[in-house]
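A look at the structure
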Amino acid sequence: LRLALVASDLRAAHGGYIGDPLDVAVAEAYEAEGRKASPVLKATRHRIAFDPERRRAAGVLSTRKTHTLAIKGAWESLRPLVAHMENPENAKPLKATPGRLKQADAVVRELAGAGYRVIAVASRPIDKLPAEDPGLEKLESDLTLVGFI
């Protein structure tokens, strides 16, 4: 949820959040887990708004030592950009082989078939904080699939 929050476009307002209903739901779910969304939102240095043609949005989370690109959007739009998949059993991501991608396709089909709106979340570390409004094209490659919300 943290990376989905980074890729959200929200504003804090009167004890809650204003923004796209999906983004508000992400922030509320994050806080329902006992975590505060505001520090994550403050540490998000760049936001790239949802683009209906590209079917995704992004943000760059910046800490003292690391910068992480987070992207959320339609699985079909992120799938070609995914090179790795998060490994729940190990910190080292797995290579996104055709078989593993087909497994992810099946998860998406199953959830969508049950009536859920499925959003993929992917990320990758970046070496340095990009210049103002870096544009997704320059950053979106070699992504690691984190999961689906």
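First, a word on scope: everything that follows refers to the structure included in this document. Predicted, not measured: the structure shown is a model, and the values here were computed from it. (Residues numbered from 1 in each chain as written. Predicted model: local features only at pLDDT ≥ 70, side-chain atom pairs only at ≥ 80, totals over all residues. Heavy atoms only, no water.)

With that out of the way, let us pick up the pattern of salt bridges. Evaluation of the coordinates by the stated rule reveals seven salt bridges. Among the ionic pairs, lysine 72 bridges to aspartate 23, the shortest N-O distance being 2.8 Å. Here the residue lysine 72 occupies a position in strand β5 (residues 67-73), and aspartate 23 occupies one in helix α2 (residues 21-32), the gap between them amounting to 49 residues. Among the residues examined, aspartate 23 registers a relative accessible area of 5% and is labelled buried. Taking the shortest distance from any N to any O, the salt bridge between arginine 56 and glutamate 140 comes out at 2.9 Å. Of this pair, arginine 56 sits in strand β4 (residues 56-62) while glutamate 140 is found in the loop between β8 (120-126) and β9 (143-148), placing the two residues 84 residues apart along the sequence. What makes glutamate 140 buried here is its relative accessible area of 9%. In the salt-bridge network here, residues are joined through shared partners; they are Arg54, Arg56 and Glu140. (Salt bridge = Lys/Arg side-chain N within 4 Å of Asp/Glu carboxyl O. Helix = DSSP H or I, 4+ residues; strand = E, 2+ residues; numbered from the N terminus. Buried < 20%, exposed > 50% of the residue type's maximum accessible area, 1.4 Å probe, protein only.)

Looking now at the sheet that holds strand β3 (residues 44-51). With mixed pairing, seven strands are arranged side by side in an open sheet as β3-β4-β5-β8-β9-β6-β7. Of all the strands in the sheet, the pair left with one neighbour each is β3 and β7 (94-95). (Pairing = 2+ DSSP bridges.)

Our focus in this paragraph is the side chain of serine 123. The topology assignment puts serine 123 in strand β8. Taking the relative accessible area as the measure of exposure, serine 123 reaches 11% and is therefore buried. Apart from residues no more than four positions distant in its own chain, serine 123 is found in contact with Leu3, Thr68, Leu69, Ala70, Leu143, Thr144 and Val146. (Contact = heavy atoms within 4.5 Å.)

The next point concerns helix α5 (residues 98-113). For α5, built from 16 residues, the straight-helix expectation of 22 Å at 1.5 Å per residue is met to within 8% by its first-to-last C-alpha distance of 22 Å. Inspection of α5 places Leu101, Ala104, Asp105 and Val108 among the buried residues, and these make up the whole buried set. In a view along the axis of α5, the buried residues occupy a sector of 105°, so they form one face of it. Away from the buried face of α5 by more than 90 degrees, exposed residues Lys102, Gln103, Arg109, Glu110 and Gly113 are located. On its buried face, α5 sits against α4 (75-78), β6 (82-85) and β9. (Expected span 1.5 Å × (residues − 1). Arc of directions from axis to C-beta.)

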